[in-house]
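# Reading the structure
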Amino acid sequence: MLYLHIPFCKQACSYCNFHFSTNLKQRDAVVTAMVRELEVRRGELPAGTVDTIYFGGGTPSILRPDELDRLFNAIRRAGYWGGQEVTEITLEANPDDLNTETIAMLADSPVNRLSIGIQSFDEADLRFMNRAHDAREARTAVEKVVAAGFNNLSIDLIYGAQTTTDATWAENLRIATQLGVNHIAAYALTVEPRTALGHRVTTGVIPDTDDEKFTRHFAMLIDHLGGAGFEHYEISNFARPGHRSRHNSGYWTGTPYLGVGPGAHSFDGTNRRRWNVSNNGTYVRAWTDIQSATDFETAGPLLFEEELLTDRDRYNEYVMTGLRRTEGIDLTDLALRFGREKADHFAREAERHLTAGTLHQVPPGGIFRLTRSGLAMADGIAADTFA
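The present account deals with the structure reproduced in this document.

## Digging into the overall build of the protein chain
Across its full length, the protein chain holds 16 helices and 14 strands. For 387 residues, the compact-globule estimate of 2.2 N^0.38 gives 21 Å, and the C-alpha radius of gyration of the protein chain, at 21 Å, lies within 12% of that figure. For the protein chain, the spread of C-alpha atoms along the three principal axes comes to 60 × 50 × 45 Å. In the protein chain, which comprises 387 residues, the share counted as buried stands at 50%. For the protein chain, the proportion of contacts with a sequence separation of at least 24, taken over those separated by at least 6, is 69%. Looking at the protein chain as shown, the accessible area adds up to about 17,000 Å², and 51% of this sits on carbon and sulfur atoms. When the 39 positive and 51 negative side-chain charges of the protein chain are each reduced to one mean point, those points stand 1 Å apart.

So, in structure tokens, the structure goes:
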């Protein structure tokens, strides 16, 4: 899997703590450095073409056609993708970028899946989140890309915001399914430190989020999308048959991935995680002098940090991601990966949740999965079974 982080946005959303810059002056230099990184770090992924390519951010739809072409040319030259393989190529987009020209450009590009950051179809919500688009643009963006032939389309929605009433959330869900998208990722609004929203909550300008509202909205989400034919395949992700995100599914199953660009993360599939420096200027300067994989390794802390996962770390991550997905936890697979002792530990700690009805085994004695009542408690249940 290949991930490219495009670290630029028109404006800062109130809740966002991802790495980005609203200063677009370094765009060309960052793209040039990313092209070099794609070439130099090719050996960190297995030989052969990748199954998925994902342009995330930031706001990838802010890229000009020539910038996107440069990145795709580098991807081809380095052998990540040859142009003919059935590779899922996703690009995140904001509604305000999706004018007729940009949609035509994307339709003519190798991109075959769009992920649109709608967040809400409600004007009050969008102003509260400081989104760059309005409610009309949110709807028309989806309509335009569907009309342009994108049938592999995902949208993001946010629930539980201080401005989002139950009626607003119900209307958001109605509009989303009415528009005919085939994948929806929905997240509870998180108040992060060092964000505008976090500051307003900390200083008492606005109240904190409401757990009871989160619970109501999550239940509404499951009921509405289930009734509309969506499969709830991961806690925050819903897809019509055949439209799961292959890229995100790779993250959850431990597939090796390479992250390119400022702030991007990588995983070797075994025990090493790396993440690039979250500073555009530092990233550009460092890549000016790097010509080889040896140069990259030598750059070390100037360009990236890394951690080596212990067996306990890997077990805990396996449990966390397994319980969040419909596949659940198979004790046989758990024992093969981490040993019988850890499989027995999981079974013992899971017992209380079987009794409480937040976990069940399908069939009886088989795979551990969250029940409907356990879905809202997924992280806590996983933590109870950690090593």
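## Some words on a negative patch on the surface
Residues Asp208, Asp210, Asp211 and Glu212 make up a contiguous surface patch of negative charge. For aspartate 210, the position within the fold is in the loop between helix 7 (196–202) and helix 8 (211–227).

## Some thoughts on the state of the cysteines
Tallied over the full model, the rule gives 0 disulfides. A disulfide-free cysteine, cysteine 16 has its sulfur positioned 6.1 Å from the sulfur of cysteine 13, the nearest such atom. Assessed through its relative accessible area of 21%, cysteine 16 is described here as partly exposed.

## Considering the packing of aromatic side chains
Per the stated rule, a full pass over the model turns up 14 aromatic pairs. Note on tyrosine 318 and phenylalanine 338: the rings are 5.5 Å apart at their centroids and 65 degrees apart in plane angle, and the pair reads as edge-to-face. Note that tyrosine 318 is positioned in helix 12 (residues 311–324) and phenylalanine 338 in helix 13 (residues 331–338), a separation of 20 residues in sequence. Per residue, the accessibility class of tyrosine 318 equals that of phenylalanine 338, and both read buried. Through pairs of rings, three or more aromatic residues link up here, namely Tyr159, Trp169, Phe214 and Phe218. Looking at arginine 42, its charged tip hangs above the ring of tyrosine 80, at a distance of 4.6 Å from the centre.

## Quick word on the sheet that holds strand 2 (residues 52–57)
Within the open sheet, the 9 strands sit side by side as 7-8-6-5-4-3-2-1-9. Their pairing is mixed. Only two strands of the sheet have a single neighbouring strand rather than two, namely strand 7 (231–234) and strand 9 (258–260). Looking at each pair of strands side by side, their axes are set apart by 20 degrees on average, direction ignored. Pairing geometry for strand 3 (residues 88–93) and strand 4 (residues 113–119), over 4 bridges, is parallel. The residue of strand 4 that forms the bridge with glutamate 92 is serine 115.

## Quick word on the pairing of strand 13 (residues 359–362)
Judged from the 4 bridges that link them, strand 13 and strand 14 (residues 367–370) form a sheet pairing that is antiparallel. Bridged to valine 362 within strand 14 is isoleucine 367. The turn joining strand 13 and strand 14, which pair antiparallel and follow one another in sequence, is formed by 4 residues; a positive phi near 85 degrees is taken by glycine 365.

Reading guide: rules and limits
- Residues numbered from 1 in each chain as written.
- Predicted model: local features only at pLDDT ≥ 70, side-chain atom pairs only at ≥ 80, totals over all residues.
- Heavy atoms only, no water.
- Helix = DSSP H or I, 4+ residues; strand = E, 2+ residues; numbered from the N terminus.
- Rg over C-alpha atoms; globule rule 2.2 N^0.38 Å.
- Buried < 20%, exposed > 50% of the residue type's maximum accessible area, 1.4 Å probe, protein only.
- Contact = heavy atoms within 4.5 Å.
- Areas by Shrake-Rupley, 256 points an atom, 1.4 Å probe, with all protein chains shown as cover.
- Lys, Arg positive; Asp, Glu negative; His and termini not counted.
- Charge placed at Lys NZ, Arg CZ, Asp CG, Glu CD.
- Patch = residues over 30% accessible without salt bridge, like charges linked within 9 Å, V, L, I, M, F, W, Y side chains within 5 Å.
- Salt bridge = Lys/Arg side-chain N within 4 Å of Asp/Glu carboxyl O.
- Disulfide = S-S within 2.5 Å.
- Phe/Tyr/Trp six-rings, centres within 6.5 Å; stacked < 30°, edge-to-face > 60°.
- Lys NZ or Arg CZ within 6 Å of the ring centre and 35° of its normal.
- Pairing = 2+ DSSP bridges.
- Axes fitted to C-alpha atoms, helices over the stretch in contact; angles between N-to-C directions.

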